Amino acid sequence: MKCLYCNGDMVLIKDIFHADRFGIHLTIDHLPVYKCVNCGEILVETEQVKLIQKTLSELEDSLGRKAA
Ligand SMILES: [Zn+2]
């Protein structure tokens, strides 16, 4: 896989991922992500992004944090 920004090589690593939305702070340790060895850009796999977005939506719903 190549970096979208600098065309450098992307390697699979495990990193801490943070998401902040409507006062909800989600932190995931050791999430498998691709990192560019050249510029440090992080790319999260589509399946992981979907899972994180689903989790955030459910939290927003149950906590009543959805934007009106
Ligand atoms: Zn790059």
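Data block above holds the structure.
The following refers to the structure shown. Remember, it's a predicted structure, so these values are computed and weren't measured experimentally.

Some details on the overall build of the chain
Then comes step 1: Tallying secondary structure elements over the chain gives one helix and three strands in all.
Then comes step 2: In sequence order, the chain lays out its α and β elements as β-β-β-α.
Then comes step 3: Against the globule reference of 11 Å for 68 residues, the chain gives a C-alpha radius of gyration of 14 Å, more extended than a compact globule.
Then comes step 4: By its C-alpha atoms, the chain is 40 × 25 × 20 Å across when sized along the principal axes.
Then comes step 5: Considering the chain as a whole, with its 68 residues, one finds that 1% of them fall into the buried category.
Then comes step 6: Of the contacts made within the chain by residues no fewer than 6 positions apart, 55% connect residues no fewer than 24 positions apart.

A closer look at the pairing of strand β2 (residues 24-36)
Consecutive residues of a regular strand have side chains that alternate between opposite faces of the sheet.
Then comes step 1: The pairing of strand β1 (residues 10-21) with β2 spans eleven bridges and is classified as antiparallel. Pairing of histidine 18 across the sheet is with threonine 27, part of β2.
Then comes step 2: Hairpin connection, β1 to β2: the antiparallel pair is bridged by two residues, and phenylalanine 22 has positive phi, about 50°.
Then comes step 3: With three bridges connecting them, β2 and strand β3 (residues 42-44) associate as antiparallel partners. What sits directly across from lysine 35, in β3, is isoleucine 42.
Then comes step 4: The loop that links β2 with its antiparallel partner β3 comprises five residues; one of these, glycine 40, has a positive phi angle of about 85°.

Quick word on the sheet that holds β1
To summarise the sheet geometry, strands pair through backbone hydrogen bonds and adopt either a parallel or an antiparallel arrangement.
Then comes step 1: Spatially, three strands are ordered β1-β2-β3 in an open sheet, and the strand pairing comes out antiparallel. Only two strands of the sheet have a single partner each, and these edge strands are β1 and β3. Averaged over neighbouring strand pairs, the angle between their axes works out to 45° when direction is ignored.
Then comes step 2: Taken strand by strand, helix α1 (residues 46-63) contacts β1, β2 and β3, and its axis lies near 175° from that of β2.

Thresholds, definitions, all that
- Residues numbered from 1 in each chain as written.
- Predicted model: local features only at pLDDT ≥ 70, side-chain atom pairs only at ≥ 80, totals over all residues.
- Helix = DSSP H or I, 4+ residues; strand = E, 2+ residues; numbered from the N terminus.
- Rg over C-alpha atoms; globule rule 2.2 N^0.38 Å.
- Buried ≥ 20, exposed ≤ 12 C-beta atoms within 10 Å, placed from the backbone.
- Contact = placed C-beta atoms within 7 Å.
- Pairing = 2+ DSSP bridges.
- Axes fitted to C-alpha atoms, helices over the stretch in contact; angles between N-to-C directions.

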